[in-house]
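Geometric and topological summary
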Amino acid sequence: MPAPPCVDPPAAAPAPSRRGSPWWLLGGLAGPLVLFAVDAGLGAAERLTLLARLLYWAPAVALGVAAGAGIGWWRQANAPGRALLRSWPGALAAVVLVAVVFTVAPPTLRVQFDETSLASVAQNMHAQRAALMTTGAVPFDGELVRLENTVDKRPPLFAFLVGLVHDVRGDRVGNAFVVNAALLGLGLVLVFAAVRARLGLVAGFAAQLLLVSVPLTGLVASSGGFELLATVLFAAVLLAALAFVRQPDGTRAFVLLALGGLFAQARYESLPAFALVVLLVLVAVRRRFVPGRGTIAVAVLQGWLLAPILGLAVYARRPDFYPEAAGAPLLAVRHLAAHAPAFGSHWFDPALANPLPGQVAIVAALAWLLRLARRRATFADALVVAPVAAVTLVALLWFYGDVREPTALRLFLPAAWLSALGPVVLLTPESGRAPRWLLLVAALVLAGLRLGELARGTTFPRLPNAELAAAIERTVAAVPGTDDDRRHTLWVAVTAQHLILRGHAALPPRSFLARLQEVGDYAQRGHIRIVYVLTTPLDAAFAGGFGDPQQVLGICRSDVVQRSDGEQPITVHRLQLRR
């Protein structure tokens, strides 16, 4: 997050002659209430379809509102073109840094199978204009027909953006990396512009390098998850909040609400974090701003756009969405007690291979202590630090928020960015050129050293599920057969969703057993010619949700046609179909 000193203190403004009324808050709350009322009167299938459609269109409208806010800002700003032109050095540096990051950390799906779920939703947002996640599909006339769908447990903004890229470039898994590369560049430009406005060009470059010096930034950016999107939007919301506190008016309120609406579509933690930002902003601008009709209309609209997210949050509390929780509460103080000690020790670990801030976190902590000792802390500091700290606390309360678990590290990206920019608070507008250049040189050296560790792969292990996903793809590709055979092949596996993402017709074992008659009819009509059963090391863990492939093999005669031994043993069985 951009450091608070990068923004000027609030300017004095005359008190308005009238005060606003909170009646309009009821209009914003009406959206979720209407959705829940309609939802209660629908059947399970209709409820799922409605939620999936709303989850597609809510991000689209939120993006439109954000675009309108951008146009409003452009019209009001003093020489906005000149301001953007001044950012070209930061934009050029951002392009170079993104290229470096993606070179030393080639993009890949690191967190299987979470990223597979997001990619599946993006596919359906492109193909069906619905936030659906396909879990079962069969071949029909050589084409893939999706039979079983559900909604993912995650808010859909990232998948929606990937779906838009699908619309332009075609359906490719790699489009997720395109979105994250653009987001990393945007985040670096935002930070550069904020720091340069307060501390100058050299400090702006140093801030960019400090962000890249945290390996977690490169790891998340070159993966297929939504954490970078949420962090960049978080930074934009905080900058908009600081700008509004400095000069409260209708246009800046529009920008803040529009960015907050987008932010809330990115992660569940975004909504309480934005609520805290709004609360702090209201404290800062009391008696200096009265919302007009436009501000009220945008606030009410955002309440309606959040209705599908709240509906998804209720839907996602189903136990089958979090089997790894093993029945434990998703949020609990006992999780915090278990996670906090490891968080503290790992966060400040100075080892270069530490994916967390490490050395820069130590400097940041000292910088903040020095700032407090000199009594330079302002309300702007609280406006930035408090929401980030709140999101970090939620992550530690989460059953999965343990930094010793590599896949959980992404939860702490906002705090990592705030720590990375901590050394910037050592600078003030009155600082001479020497401290700025010293910080730039230190940031450049640190970024080089830590990017070297990222390139060597010491900062993040190759996860077993990622290895298994790659092994599955190699094994499936090695099964002999013509392209025409593959278009009429059905796979049965607990990893059916991953196979569908790669263009294969697949069903989980439980669904296959429930559809035996239907599969037999398809086989008699020639739509299905081959059925393969895939057994993997995941079968036992996933059997509760998807069924056990051994049950299929127990009732159907089969032959082994492909076997992959080693650390990730995979076997392909061909069922003997009755025609």
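All values reported here derive from a predicted model rather than from experimental measurement.

1. Concerning the overall build of the protein
When helices and strands are counted, the protein shows 26 helices and 7 strands. On the principal axes, the C-alpha backbone points of the protein span a range of 85 × 55 × 45 Å. A buried classification covers 54% of the 579 residues belonging to the protein. Within the protein, counting contacts between residues at least 6 apart in sequence, those at least 24 apart form 76% of the total. Counting every atom, the protein has about 25200 Å² of accessible surface; 63% of that belongs to carbon and sulfur.

2. Comments concerning helix α8 (residues 201–212)
Taking 1.5 Å per residue, 12 residues should reach 16 Å; α8 reaches 17 Å between its end C-alpha atoms and fits that length. Burial analysis of α8 places 10 of its 12 residues in the buried class, which makes it a mostly covered element. All of the buried residues in α8 are V202, A203, G204, A206, A207, Q208, L209, L210, L211 and V212. On its buried face, α8 is in contact with α4 (88–104), α7 (175–199), α9 (215–221), α16 (359–373), α18 (413–420) and α19 (433–456).

3. Here we look at unusual backbone geometry
One non-glycine residue, R129, lies in positive phi territory at about 55 degrees. Looking at where R129 falls in the secondary structure, it is placed in the loop between α5 (114–127) and β1 (133–140).

4. Remarks on empty space enclosed by the protein
Tallying each qualifying case throughout the model produces 6 cavities of 30 Å³ or more. Of the pockets and cavities examined, the largest cavity occupies roughly 130 Å³. Along its surface, the largest cavity is lined by 13 residues, and V111, L219, V220, S223 and R410 are the ones closest to its centre. Ranked by residue count, the leading element in the lining of the largest cavity is α9, at 3 residues. Residues belonging to the lining of the largest cavity are distributed by class as follows: 7 nonpolar, 2 polar and 4 charged.

5. Quick notes on the pairing of strand β5 (residues 530–535)
Where a strand is regular, its side chains alternate between the two sheet faces. Here β5 lies mainly inside the structure; 6 of its 6 residues are buried. Burial along β5 is two-sided: the residues I530, Y532 and L534 and V531, V533 and T535 are all buried. As paired strands, β5 and strand β7 (residues 570–575) are joined by 4 bridges and run antiparallel to one another. Each bridged residue has a counterpart across the sheet, and for V533 the counterpart in β7 is H573.

6. Focus: the sheet that holds strand β4 (residues 505–507)
Strand pairing in a sheet is mediated by backbone hydrogen bonds. Such pairs are either parallel or antiparallel. Taken in spatial order, the 5 strands of this open sheet run β4-β3-β5-β7-β6, and their pairing is mixed. The sheet is open, and its two edges are formed by β4 and β6 (558–564), each paired on a single side. Each strand axis lies, on average, 25 degrees off the axis of its neighbour in the sheet, ignoring direction.

7. Observations concerning the pattern of salt bridges
Counted by the stated rule, this structure contains 17 salt bridges. Two residues, D152 and R154, come together in a salt bridge whose shortest N-O distance is 2.7 Å. In this pair, the class of D152 matches that of R154, namely buried. Salt bridges sharing common partners tie together D114, D152, R154, E227 and R410.

8. Observations concerning the side chain of N124
Inspection of the secondary structure assignment puts N124 in helix α5. Residue classification places N124 among the buried positions, given a relative accessible area of 0%. A distance of 3.3 Å separates the side chain of N124 from the side chain of R146, its partner in a polar contact. When residues no more than four places from it in sequence are discounted, the contact partners of N124 are R129, A130, L132, M133, T134, R146 and N149.

9. Things to note about the environment of T295
Considering the arrangement of structural elements, one finds T295 in helix α13 (residues 293–305). When the C-alpha positions of T295 and F254 are compared, they lie 6.0 Å apart, and in sequence the two are 41 residues distant. With sequence-adjacent residues up to four places away left out, T295 is seen in contact with G250, A253, L257 and F289.

10. Quick notes on the packing of helix α2 (residues 44–76) against helix α11 (residues 250–264)
For the pair α2 and α11, interaxial distance at closest approach is 9 Å and the crossing angle is 155 degrees. Taken together, α2 and α11 sit at an angle that is classed as roughly antiparallel. Pair α2 / α11 crosses with left-handed handedness. Contacts from A62, L63, V65, A66, G68, A69, G72, W73 and Q76 of α2 reach α11 at T251, R252, F254, V255, A258 and L262. Of the residues assigned to the contact of α2 with α11, the class counts are 10 nonpolar, 4 polar and 1 charged.

11. Some remarks on the packing of helix α10 (residues 227–246) against helix α12 (residues 270–285)
Two numbers describe how α10 lies on α12: the axes approach to 10 Å, and their chain directions differ by 10 degrees. The orientation of α10 with respect to α12, classified from their angle, is roughly parallel. Along its contact with α10, which presents F234, V237, L238, A241, F244 and V245, the element α12 presents A273, F274, V277, V281, A284 and V285. Residues that form the contact of α10 with α12 fall into these classes: 12 nonpolar, no polar and no charged.

12. Details of the packing of aromatic side chains
Counted under the stated rule, the structure contains 13 aromatic pairs. Taking the centre distance of 5.3 Å and the plane angle of 40 degrees together, the rings of F343 and F412 count as tilted. Highlighted residues: F343 in helix α15 (residues 333–347) and F412 in the loop between α17 (379–397) and α18, separated in sequence by 69 residues. Overall, F343 belongs to the buried group, its relative accessible area being 17%. A ring pair is formed by F542 and F546, whose centres lie 5.9 Å apart and whose planes are at 40 degrees; its orientation type is tilted.

13. A short note on the environment of P357
With respect to the helices and strands, P357 occurs in the loop between α15 and α16. Residue P357 is classed as buried on the basis of its relative accessible area of 0%. Sequence separation between P357 and S213 is 144 residues; the distance between their C-alpha atoms is 8.0 Å.

14. Describing a nonpolar patch on the surface
A cluster of nonpolar residues, V34, V38, V61, L301 and W304, forms a patch on the protein surface that exposes about 390 Å² of accessible area. Secondary structure elements with two or more residues in the nonpolar patch: α1 (25–40) and α13. Positionally, W304 belongs in helix α13.

15. Structural notes on the nonpolar core
Soluble globular proteins tend to pack their nonpolar side chains together in the buried interior. Grouped together as the largest cluster of nonpolar side chains are 131 residues, with contacts concentrated most on L228 and V281. Leaving out residues up to four positions away in the same chain, V281 has contacts with A241, F244, V245, L256 and L383. Counting residues in each nonpolar core, the second largest holds 21 residues, with A137, A471, V476 and L499 among its members.

What counts and how
- Residues numbered from 1 in each chain as written.
- Predicted model: local features only at pLDDT ≥ 70, side-chain atom pairs only at ≥ 80, totals over all residues.
- Heavy atoms only, no water.
- Helix = DSSP H or I, 4+ residues; strand = E, 2+ residues; numbered from the N terminus.
- Buried < 20%, exposed > 50% of the residue type's maximum accessible area, 1.4 Å probe, protein only.
- Contact = heavy atoms within 4.5 Å.
- Areas by Shrake-Rupley, 256 points an atom, 1.4 Å probe, with all protein chains shown as cover.
- Expected span 1.5 Å × (residues − 1).
- 1 Å grid on protein atoms, 1.4 Å probe; cavity = no way out; pocket = protein on both sides within 12 Å on 5 of 7 lines; lining within 4 Å.
- Points joined across faces, edges and corners; volume = space filled by probe spheres on them.
- Nonpolar A, V, L, I, M, F, W, Y, C, P; charged D, E, K, R; others polar.
- Pairing = 2+ DSSP bridges.
- Axes fitted to C-alpha atoms, helices over the stretch in contact; angles between N-to-C directions.
- Salt bridge = Lys/Arg side-chain N within 4 Å of Asp/Glu carboxyl O.
- Polar contact = N/O pair within 3.5 Å; in protein donor to acceptor, adjacent residues only side chain to side chain.
- Parallel < 35°, antiparallel > 145°, perpendicular 65-115°, else oblique.
- Left-handed = near helix turned anticlockwise from the far one by under 90°.
- Phe/Tyr/Trp six-rings, centres within 6.5 Å; stacked < 30°, edge-to-face > 60°.
- Patch = residues over 30% accessible without salt bridge, like charges linked within 9 Å, V, L, I, M, F, W, Y side chains within 5 Å.
- Core = buried A, V, L, I, M, F, W, Y, C linked by side-chain atoms within 4.5 Å.

Honestly, that's just the spatial picture; any functional story needs more than this.
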